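# Descriptive structure summary
Here are the chains, one letter per residue:
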Amino acid sequence: MRKKICAVGTVCALIFTACGKAGSAVATSGEGASQAAGQPSGRLQVESVDSQVITVTSKETVKVVPDQAEIIFAVTTQHKDAVQCQNENKEKLNQLIESLKALGIAETSIQTSGFDLNPRYDWEKNGEIIGYEATTQVTVADVKIDEAGTIMEKSVESGMNRIQSVSFLSSNYDESYQEALKLAVDQAQEKAQALADASGCTLGRPVHITEYTPDDSYRYNSQKMMSRSAGAGAEASMADMGAVMPGEIQVEASISVDYAIQ
């Protein structure tokens, strides 16, 4: 049966007294006092020193510049009549979609991702319904970074009146993750060697490696732009966004490695 001698950043000096010795060893802590008090002695049995390991965890990050964007637009309309409200919303939505297509966005990259039709109340008149509001969300994927500003600017002219969010991603994410994994393995080796040297043990080969699956949300940069309405003067503000600054995406890999020791 294999037993661990130490974990990340922790050197169990009590157990490490067995490093480098063959066969079995016994380490005790406060045995006499514990037995006198009628409590468990805290005896730790090391049955086979040859099967012992050092366990370390490692995490590395690789930064990559995103080259694509995902934009969520919203079209909102208001009207006293629910049907008319919905019809006006549909008309503006079609204008937005045609504008996106004219800008080179493929139909497969345009998705209606949400729709709401809600009554509007006048709480000064005991909650009387005074009209309706319809909102349709459209998610546009596969947008090139250098085209994102222009797409947002032109979308205002087509009837879009809100940008819900902008997310950045990289088409080289998988390659960057593989690089981060390799760096994490190198870091784990350095940690384990330092622990072995400090304890007087000889570090062997890795006998078990666990990869901790990253959260899918890290695949896309979670930088979200504040929702802004496209009302009076909004076209100018959108034009100012022509130079989109995506920054860098941090691609992270985390692992745990068991190394044999002698």
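None of the values given here were measured: they were computed from a predicted structure.

With that settled, the discussion passes to the nonpolar core. Here is a general trend for soluble globular proteins: nonpolar side chains tend to be buried in one another's company. Core analysis: the biggest nonpolar cluster contains 23 residues, and Ile71, Phe73, Leu100 and Val143 have the highest contact counts within it. Breaking this core down by element, the ones donating at least two residues are strand S5 (68–79), helix H3 (82–102), strand S7 (128–144), helix H4 (145–157) and strand S8 (162–169). With 5 residues, the single largest contributor to this core is H4. The residues contacting isoleucine 71, other than those within four sequence positions of it, are Val138, Thr139, Val140, Val143, Ala148, Ile151, Met152, Ile163, Ser165 and Val166. Counting 22 residues, the second-largest nonpolar core is a separate cluster that includes Val56, Tyr173, Cys201 and Leu203.

A contiguous nonpolar patch, built from Tyr121, Trp123 and Ile129 and spanning about 380 Å² of accessible area, is present on the exposed surface. Note that tryptophan 123 resides in the loop between strand S6 (110–122) and S7. On the basis of relative accessibility, which here comes to 67%, the residue tryptophan 123 falls in the exposed class.

Three or more residues of H4 are buried, namely Ile145, Ala148, Gly149, Ile151, Met152, Ser155 and Val156. Just downstream of H4, glycine 159 is the residue with a positive phi angle, here 115 degrees.

Calculation criteria
Residues numbered from 1 in each chain as written. Predicted model: local features only at pLDDT ≥ 70, side-chain atom pairs only at ≥ 80, totals over all residues. Heavy atoms only, no water. Core = buried A, V, L, I, M, F, W, Y, C linked by side-chain atoms within 4.5 Å. Buried < 20%, exposed > 50% of the residue type's maximum accessible area, 1.4 Å probe, protein only. Helix = DSSP H or I, 4+ residues; strand = E, 2+ residues; numbered from the N terminus. Contact = heavy atoms within 4.5 Å. Patch = residues over 30% accessible without salt bridge, like charges linked within 9 Å, V, L, I, M, F, W, Y side chains within 5 Å. Areas by Shrake-Rupley, 256 points an atom, 1.4 Å probe, with all protein chains shown as cover. Salt bridge = Lys/Arg side-chain N within 4 Å of Asp/Glu carboxyl O.

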